[in-house]
Amino acid sequence: MSNPNTSGWRTATQCVHSGTQLDENVKGVNTPIHTSSAFGYGDPADNKYPRYYNTPNQKAVVDKLCALEHAEEGMLFSSGMAAISAMVLGLLQSGDHLVIPKEIYGGSYSFFRTELPRFGIGFTLINDTTPEAYAAAITPATKALYMETPSNPLLKLTDVAAIAKLAKERGLLSFIDNTFASPINQLPLQMGVDVVMHSGTKYFGGHSDLCFGVLLGRREPMQKLRTHAVNTGGSLNAQTCALIERSLKTLEIRVERQTLNAQRIAEFLEQHPNVLKVNYPGLPAHPQHELARKQMKGFGAMLSFEVAGGGTAADALTDRLQIIMPALSLGGVESLICSPRKTSHLKMSAAEREEAGISDGLLRLSVGIEAAEDLIADLDSALRAK
Ligand SMILES: Cc1ncc(COP(=O)(O)O)c(C=O)c1O
């Protein structure tokens, strides 16, 4: 059955129905899992193969994500890092230059610092992400501006429309890691960005049991990327695609609930005597709250906070929690907490961490879909216990 044009549907409807490849034979309501890696051939433009990123289960997921993110084309990869590396290596070449903020996901930072020099791609790391800071870092060789907003773990924001505009004015591409916000809370392509990347491992998978990455964007850069991606591989199998399609049906209700929970928890923590500071864009006290209101539909479900008593107090609090689990990663239905000094920022020296504003008492919280009252009670008793 041909798929309807779903662009006029509301987000919740798109989550459930966009992209579904119905099976006319048995009238099942879900996309069947097509296990084949070999498909009959005919029209050469339509030859299917998993590494061509065009099999039915890949297409079902990509069509749904294109509808949600307002993208013209998309591709699925076996991890978020595979998506980031394809985006950069597929659109830049030796002699090109990229502008990158310093405060980004540690794995992305490590990829840029370790791999780009091997391919002769230059980059400038910027400390703050104002349009002026990006503009000052542009060189004659610059090809693209890279963004990640809200940032990990301090939840700082970048003005997405302003950076996309700057890129256009200078004839550059703009890239964004939209993992933290998800398309439920932020739509960068509508703000002029060229290519959006997601670690699907987080909110898209949503149950801490899948690993994949996504690129979505305008047709022109995506077609160039497709050639690179077909040549280098890194695509996803049908079984995983079917699980992703199922997860995405609940993306909006999960992320909306997570976002509501995060707001309540941030407001609770902000008032707590044992908490020194809360980083959450939904709080009026957040220095970029107005920007958050301008560019985000909701303020997201990630926050970080600093406890009195430094690393010892942060560790003790983590140990005392009964519901919120200490773990790496984020975006799942279960609330997870982690200490950046022991995880994402482990490789930095204490002095480097201090310079980056990552104190030993900082904890990052990925808020799940549990009852907000239970999460608040869990945090309250762990914060009060001695
Ligand atoms: C913001 C962000 N971007 C990218 C990645 C990389 O994604 P993956 O682990 O799926 O490769 C992560 C992983 O934690 C992340 O948090």
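The shown structure was predicted, so the numbers you read here are calculated from the model rather than taken from an experiment.

Requested: an account of the pairing of strand β3 (residues 122-126), with residues and values cited.
Pairing geometry for strand β2 (residues 97-101) and β3, over five bridges, is parallel. Pairing of Ile-100 across the sheet is with Leu-125, part of β3. Assessed by its sense of winding, the connection that carries the chain from β2 through helix α4 (residues 106-115) to β3 is right-handed.

Any chance you could break down the site of the ligand for me, citing the residues and the numbers?
The environment of the ligand is formed by 13 residues, the closest being Met-81, Asp-177, Ser-199, Thr-201 and Lys-202. Within the backbone of Met-81, a nitrogen or oxygen atom sits 2.8 Å from an oxygen atom of the ligand. A distance of 2.9 Å separates an oxygen atom of the ligand from a polar side-chain atom of Ser-199. Here the ligand has 390 Å² of accessible area as a free molecule, and 91% of this is covered by the chains. The site holding the ligand turns out to be the largest pocket. Mapped by element, the contributors of at least two residues to the shell around the ligand are α3 (80-91) and β6 (195-199). Across the shell around the ligand, the residue classes tally to five nonpolar, five polar and three charged.

Before we move on, could you go through helix α12 (residues 310-320) and cite the residues and values that matter?
Along an α-helix, a turn takes 3.6 residues, which lines up residues three or four apart on a common side. All buried positions along α12 are accounted for by Gly-311, Ala-314, Leu-317 and Thr-318. The buried residues of α12 all sit within an arc of 130° when viewed along its axis, so they share a single face. Those residues of α12 that are exposed and aimed more than 90 degrees away from the buried face are Thr-312 and Asp-319.

An account of unusual backbone geometry is requested, with residue identities and associated values reported.
With an omega of -5°, the peptide bond between Thr-149 and Pro-150 qualifies as cis. Considering the arrangement of structural elements, one finds Pro-150 in the loop between β4 (142-148) and α6 (160-169). For the bond from Asn-152 to Pro-153, the omega torsion is 5°, close enough to zero to count as cis. Of note, Pro-153 is situated in the loop between β4 and α6. A positive phi is found at His-70, a non-glycine position, where the angle reads about 60°. Assignment of secondary structure puts His-70 in the loop between α2 (56-69) and β1 (73-77). The phi dihedral of Ser-208 is positive, around 50°, even though this residue is not glycine.

Any chance you could break down α4 for me, citing the residues and the numbers?
Restricting attention to buried positions, one finds in α4 the residues Ser-108, Tyr-109, Phe-111 and Phe-112. Looking straight down α4, one finds that the buried residues subtend no more than 160° of arc, so they occupy a single side. Residues of α4 that are buried sit in contact with α3, β2, β3, β4 and β5 (173-177).

Describe the pairing of β4, with residues and values.
Across a regular strand the side chains alternate sides, sitting on one face of the sheet and then on the other. Burial of β4 is extensive: six of the seven residues sit out of reach of the surface. With three bridges connecting them, β2 and β4 associate as parallel partners. Along β4, the bridge assignment pairs Leu-98 with Ala-144. With respect to chirality, the unit in which β4 leads through α6 into the neighbouring parallel β5 is right-handed.

An account of the sheet that holds β1 is requested, with residue identities and associated values reported.
Each strand in a sheet pairs with another by means of backbone hydrogen bonds, the pair being arranged parallel or else antiparallel. The seven strands lie next to each other as β1-β7-β6-β5-β4-β2-β3, forming an open sheet whose pairing is mixed. Of all the strands in the sheet, the pair left with one neighbour each is β1 and β3. Sheet twist, expressed as the average angle between the axes of neighbouring strands with direction ignored, equals 20°. Strands β2, β3, β4 and β5 of the sheet are contacted by α4, whose axis makes an angle of about 140° with β3.

So what's going on with the domain arrangement of the protein? Which residues, and what values?
As assigned here, the protein comprises domain 1 (12-248) and domain 2 (251-384). The C-alpha centroid of domain 2 is placed 26 Å from the C-alpha centroid of domain 1. With 33 residues of domain 1 at the contact, the number on the domain 2 side is 37 residues. Here domain 1 packs against domain 2, burying approximately 3,000 Å² in sum over the two surfaces, 57% of which is carbon and sulfur. Inspection of the region where domain 1 meets domain 2 yields one salt bridge. Lys-294 is paired through a salt bridge with Asp-159; the nearest N and O atoms lie 3.3 Å apart. For the pair domain 1 and domain 2, the number of links is 19 residue pairs in polar contact (both at pLDDT 80 or more). Secondary-structure elements contributing two or more residues to the side of domain 1 that touches domain 2 are α1 (11-17), α7 (182-185) and α9 (238-248). A total of four residues in the side of domain 1 that touches domain 2 trace back to one element, the largest contributor, which is α7. Considered class by class, the residues forming the side of domain 1 that touches domain 2 number 18 nonpolar, 12 polar and three charged.

Describe the packing of aromatic side chains, with residues and values.
One pass over the full model with this rule turns up four aromatic pairs. Centre to centre, the rings of Tyr-49 and Tyr-52 are 5.3 Å apart; their planes meet at 65°, and the pair counts as edge-to-face. Where Phe-112 meets Tyr-146, the ring centres are 5.0 Å apart and the plane angle is 80°; that geometry is what we call edge-to-face. Taken as a pair, Phe-112 in helix α4 and Tyr-146 in strand β4 lie far apart in primary sequence, 34 residues in all.

Talk me through the nonpolar core; I want residue IDs and the actual numbers.
Formed by 75 residues in total, the largest nonpolar core has its most connected members in Leu-269, Leu-303 and Phe-305. Looking at which element gives the most residues to this core, the answer is helix α10 (residues 251-271), with seven residues. Both domain 1 (12-248) and domain 2 (251-384) contribute no fewer than three residues apiece to this core. Not counting the four nearest positions on each side in its chain, Leu-303 is found in contact with Leu-155, Ala-262, Ile-265, Ala-266, Leu-269, Asn-279, Tyr-280, Leu-363, Arg-364, Leu-365 and Val-367. Residues Tyr-53, Phe-111, Val-195 and Leu-225 belong to the second largest nonpolar core, which totals 30 residues.

What counts, and at which threshold
Residues numbered from 1 in each chain as written. Predicted model: local features only at pLDDT ≥ 70, side-chain atom pairs only at ≥ 80, totals over all residues. Heavy atoms only, no water. Pairing = 2+ DSSP bridges. Helix = DSSP H or I, 4+ residues; strand = E, 2+ residues; numbered from the N terminus. Right-handed = clockwise from strand over helix to strand, strands pointing away. Near = heavy atom within 4 Å. Polar contact = N/O pair within 3.5 Å; in protein donor to acceptor, adjacent residues only side chain to side chain. Areas by Shrake-Rupley, 256 points an atom, 1.4 Å probe, with all protein chains shown as cover. 1 Å grid on protein atoms, 1.4 Å probe; cavity = no way out; pocket = protein on both sides within 12 Å on 5 of 7 lines; lining within 4 Å. Sits in = over half its atoms within 2 Å of the grid points. Nonpolar A, V, L, I, M, F, W, Y, C, P; charged D, E, K, R; others polar. Buried < 20%, exposed > 50% of the residue type's maximum accessible area, 1.4 Å probe, protein only. Arc of directions from axis to C-beta. Contact = heavy atoms within 4.5 Å. Axes fitted to C-alpha atoms, helices over the stretch in contact; angles between N-to-C directions. Domains from an automatic or database assignment. Buried area = accessible area lost by both parts, 1.4 Å probe. Salt bridge = Lys/Arg side-chain N within 4 Å of Asp/Glu carboxyl O. Phe/Tyr/Trp six-rings, centres within 6.5 Å; stacked < 30°, edge-to-face > 60°. Core = buried A, V, L, I, M, F, W, Y, C linked by side-chain atoms within 4.5 Å.

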